[in-house]
Structure formats: C-alpha cells, structure tokens
Amino acid sequence: MIEKTATELLAMQAAGQASAAEIAEAFLASIRQREPQLQAFLHVDEAAVRSRAAQVDAKRAAGQPLGKLAGVPVAVKDVLCTKGVRTTAGSRILENFVPPYHAHAIERLLAEDAVLIGKTNMDEFAMGSSTENSAYGATRNPWNPECIPGGSSGGSAAAVAGRESPLAVGTDTGGSIRQPAALCGIVGMKPTYGRVSRYGLIAFASSLDQVGPFARTVEDAALLLEAIAGHDPRDSTSVNRPVPAYTQTVNQPVDGLRIGVPKEFFGEGLDAEVEAAVRAALKEYEKQGAKLVDVSLPHSPYALAAYYIVAPAEASSNLARFDGMHYGHRTKQKADLIATYSKSRAEGFGKEVQRRIMIGTYVLSSGYKDAYYVKALQVRRLVKQDFDIAFEACDVVMGPTTPTAAFPIGAKSDDPLAMYLSDVYTVSCNLAGLPGLSLPCGFTRAGLPIGLQLLGPAFEEEKLFRIARMYEAATDWHMKRPAF
Ligand code: GLN
C-alpha cells in the first residue's frame, strides 16, 4: 500500500479495493517503523488519523460526495497552523503554541477529505537548507541516513521519499520545496506567488513565501496543488484566478517546446555528476522534439546576495512579534519588560534565526537601508526582468535544482555561507515570484538523487506539470525507491 501513489490510492478506494482506514493503518505502520531513523515528523496523532479516516469511509458508505483527496494521507510542514494541534515552526519559541485556527491550505485539504497524517520537521522558521536548524533535531535523508534531506521542508520531503506519506505540503521562500525534493528524489513545486494563500502560514519572508506540494509523481503533485490553490480574501496577495484542473491535462505533451538553458546555471560550483544528469535530461527532451535555446539571466549571480538581504529584512520584522509577551516562550528569569523581551528571544530562537534577525535589522536600519535593502530590491527587479526577456524566447527555463547532491549531516552547519550556496539556483524564482518545479533526473555514483529544475512564467503551473510529465513518462527515476 505504501508504494502506491495518491492517484492509485484514490482509484483503489473507488473500486472498493481499499478503505481510507486501511490506507491510514499502512502509513501509520510505516511511520512507526521508519521514524526512529528518519525523524521526518514532529507530531503524529494516531487516534486522530484513525478517526479522520473512519469519517471519510463513513461518508463514502453513505453515498455522500467526496473530495479530490478523499482518504489520502497528507503530511504537513509544521509551519502551517492546525487548529488545536501544536504548531512549532521548528522553534523552541513556539514549543507550546496551539493555533486557534487552520491555515487556508489546511482548510482546503480538509474540504477535499484528505487525512492529515502529521506535522513534519523543518529548519526553524524555515531558515535553512538541511533541516539541521530544527530545535527538535535533524531529519535524515531516506537514501542515506548519514546525509541531510535538504531544507527547510526536509521533513515533508523525507516523509514522501521514505514512504511515510504519499503526499506532503511544504513552503518555499528561497528553494525550500524544490531543494529538498531534489535531494530526496521526489517531485516538488513552488507555485507562482499568490497562487496559494499564506493565511495561517507562520511568516518567514512574506514577499517570497509560497505553499506547495511534494509527491512521488508529477500527477500527484498536480493533484495536491489543485486541492490547495485558489483565492482567499484573508491573504491580500492571494490571486483571484480560477485554478486549472491540472490533473486533466498533465499527460498532454507540449508541442514545439522551447527550453531555455541559461549559461549562468552551469557555472563554477556545479558538481560534475549533477551537470551530466541535467544535460542528459535536456537531451531526452530534444529526443522528444523540444528545441534548446541559449538564454541568459545576467543578474542571477547577484540573486543570492539580494535574497539574503530581502529575506532576513522581512524576517526581522515578522519575528518581532515573538517576544514572550505578545507571542511565544517567556523567560522564567525575573526581568523588566525590555529584558523579558530579550531574554525570551535569546532562549527561544536558535543561532541561525538570531543571525537572520541581526542581518535583517542591520540592512533596514537608517544609514544602511539605501546601501543594502533598497539596492537588493533594485537587483530583485532586474532578476525579474531577466526572466521576462528569457521567456520571450522559450516556454520554460531548465537547469539543476541544486549545485550538489545531499551532503553529510554536519558538513555545512558551521559555515552559513556554504549552506546559503545550496540555494544558488533556486532563489531567483522566488525573487521573481515565478513557479518552479524539481523532478528526479538521476543519481550520483554514491546513490544520491539529482533534481532537474523547471522554471516557468507566472501562473503557468499547468504547463510546467505537462513539461515535467513529458520527461517523467520517458524515464524511471521516479520508480526507484530507497532501501529500507
Ligand atoms: N535555504 C533558504 C534560506 O535559508 C531558503 C529557505 C526557504 O525557502 N524557506 O533562507
């Protein structure tokens, strides 16, 4: 059962070959077996999962209409608020936070009759590329438990790759869906900014954050996005456009496909095995009739620097509310108001979060704002312009998702700059607000997955899924499974 895709699990239930209860039991058993090693989850409530699955079965038995995800388990990154269920964002400061409401994405999942199987581990406040920055311990890569699963949505990616859940939801501010998807050998998509509501998502950098799907196949990712996307007046940046039925078109190849290959994505720092796998994937597209065109994203060398100013700036502002008074952990030490703020924050936030708050506060301060924050916004505009020009010559931009495959736990934890470089190919997409997808395109000799990244024009998720499916249909990387 745990090898089935969400699409297959839906069909099995419709044919009377499996119940939601049986599906839930199978994944709960898988979680019990694998969690001691993987540590992908922060919270699994078996009784709640069972009663939810039973509810869906009862609905089916009564002949009531069922949602798109009826009886399908979905794991959710612990940065999305779940009513009555502890939501920590991977931080000590929210250790005891029980939200009084659901995030929009959670409401959508429940409305489609999904079974929420648990909350997944993550880098604290989604800051990181390895899930080592969680206050609750590191998650491991199912392909090699000595390695990181990527981050910040590493728990969601590991849960899907490790057959603990067929689907998972993550968030991507600078690569946190695509990068762990690549390093765990699964499909992950960051939708266009505004496609999925951020209501109930604990904010990291509000102008960059997007919620999106993880799955083992392109079709399953399309199914999950279809369920969570859509307008929500509670998020003023949520876009009021109809959600296409992605699953209806995903198997239609794109005729006359033009693939933009930016030379900036194949420069220094790119691992040779990753490059070879990505070039082979481009060849496969050519074999299917696609045309490769050279495009240039001349400002992409500055994207990472701009990102690491804009994201910390917004984070420093968003995280001001966690002070032990308004929200979050309050120090037990006796102190006046200001000291209570600073002691609570010193105790509640981890090192990386503190570093980001300091950088963010610095680049926003008077005297430095023009030199850093405003300059970074100017670069951001140029990065977006590069894509506008590139998309005049191509339908999709392709390249590697990450410069290397998964690295060993601990290898970069003392070197923030080395860690930040993991995002060198993913951050431009967030700065420009575009949709991006990563799908498996091979393995290193050491047996670690490699990801191919597809970037498209705004709101062209439908086409990205179709293009991704063209490659998936011709290859079997997505069928490989980690040894357990
Ligand atoms: N790794 C990047 C960072 O640390 C991106 C994180 C994310 O997308 N949430 O900021």
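Located above this text is the structure these notes cover.
Residues numbered from 1 in each chain as written. Predicted model: local features only at pLDDT ≥ 70, side-chain atom pairs only at ≥ 80, totals over all residues. Heavy atoms only, no water.

1. Remarks on the environment of L292
- The topology assignment puts L292 in strand β8 (residues 291-295).
- Along the backbone, L292 and V397 are 105 residues apart, and their C-alpha atoms lie at a distance of 9.7 Å.
- In contact with L292, not counting residues within four places along its chain, are I259, V261, L282 and E286. (Helix = DSSP H or I, 4+ residues; strand = E, 2+ residues; numbered from the N terminus. Contact = heavy atoms within 4.5 Å.)

2. A closer look at helix α4 (residues 104-111)
- Turning to α4, its buried residues number three or more, namely H104, A105, I106 and L109.
- The secondary structure elements touched by the buried residues of α4 are β2 (73-77), β3 (115-120), β4 (167-172), β6 (210-215) and α7 (218-228).
- Following α4 by one or two positions, D113 has its phi on the positive side, about 65°. (Buried < 20%, exposed > 50% of the residue type's maximum accessible area, 1.4 Å probe, protein only.)

3. Details of empty space enclosed by the protein
- The tally for this structure, following the rule as stated, stands at three cavities of 30 Å³ or more.
- In this structure, the largest cavity spans a volume of roughly 70 Å³.
- In terms of residue class, the lining of the largest cavity is made up of five nonpolar, seven polar and two charged.
- Looking at the second largest cavity, its volume works out to about 40 Å³.
- The wall of the second largest cavity is formed by W143, A161, R163, C184, G185, I186, R216, W477, H478 and K480.
- The class makeup of the residues in the lining of the second largest cavity is five nonpolar, two polar and three charged. (1 Å grid on protein atoms, 1.4 Å probe; cavity = no way out; pocket = protein on both sides within 12 Å on 5 of 7 lines; lining within 4 Å. Points joined across faces, edges and corners; volume = space filled by probe spheres on them. Nonpolar A, V, L, I, M, F, W, Y, C, P; charged D, E, K, R; others polar.)

4. Considerations on the pattern of salt bridges
- Applying the stated rule across the entire model yields 28 salt bridges.
- A salt bridge links D388 to K384; the shortest N-O distance between them is 3.1 Å. Here D388 and its partner K384 are both found in helix α13 (residues 370-393), four residues apart, which amounts to about one turn of the helix.
- The class of D388 is partly exposed, set by a relative accessible area of 37%.
- Note on K384: relative accessible area 32%, which makes it partly exposed. (Salt bridge = Lys/Arg side-chain N within 4 Å of Asp/Glu carboxyl O.)

5. A short note on the environment of G230
- Here G230 shows up in the loop between α7 and α8 (246-249).
- Since its relative accessible area comes to 8%, G230 is described here as buried.
- On a C-alpha basis, the gap between G230 and P244 in space is 9.7 Å, while along the polypeptide they are 14 residues apart.

6. A look at the side chain of S91
- Of note, S91 is situated in the loop between β2 and α4.
- Discounting chain neighbours no more than four positions away, the residues touching S91 are E124, F125, A135, Y136, G348 and F349.

7. Examining the packing of helix α10 (residues 303-318) against helix α12 (residues 351-364)
- Their axes nearest at 7 Å, the elements α10 and α12 cross at an angle of 100°. Overall, the two elements α10 and α12 adopt an arrangement that is roughly perpendicular. Contacts between α10 and α12 involve Y308, I309, P312, A313 and S316 from the former and R356, I357, I359, G360, T361, V363 and L364 from the latter. (Axes fitted to C-alpha atoms, helices over the stretch in contact; angles between N-to-C directions. Parallel < 35°, antiparallel > 145°, perpendicular 65-115°, else oblique.)

8. Some words on the nonpolar core
- Ranked by size, the top nonpolar core spans 147 residues in total, and within it F125, Y285, L454 and F465 carry the most contacts.
- Of the residues forming this core, the biggest block, ten residues, is contributed by α10. (Core = buried A, V, L, I, M, F, W, Y, C linked by side-chain atoms within 4.5 Å.)

9. Description of the site of the ligand
- By nearness alone, 15 residues border the ligand, and T173, G174, S176, Y307 and R356 come closest of all.
- Residue A126 places a main-chain N or O atom 2.8 Å away from a nitrogen atom belonging to the ligand.
- Because more than half of its atoms lie within 2 Å of the grid, the ligand is assigned to the largest cavity.
- Counted by class, the shell around the ligand contains five nonpolar, seven polar and three charged residues. (Near = heavy atom within 4 Å. Polar contact = N/O pair within 3.5 Å; in protein donor to acceptor, adjacent residues only side chain to side chain. Sits in = over half its atoms within 2 Å of the grid points.)

10. Side note on the state of the cysteines
- The tally for this structure, following the rule as stated, stands at zero disulfides.
- We note that C184 lacks a disulfide partner, and the nearest cysteine sulfur, in C147, lies 10 Å from it.
- Accessibility expressed as a relative area gives 1% for C184, which makes it buried.
- We note that C394 lacks a disulfide partner, and the nearest cysteine sulfur, in C429, lies 14 Å from it. (Disulfide = S-S within 2.5 Å.)

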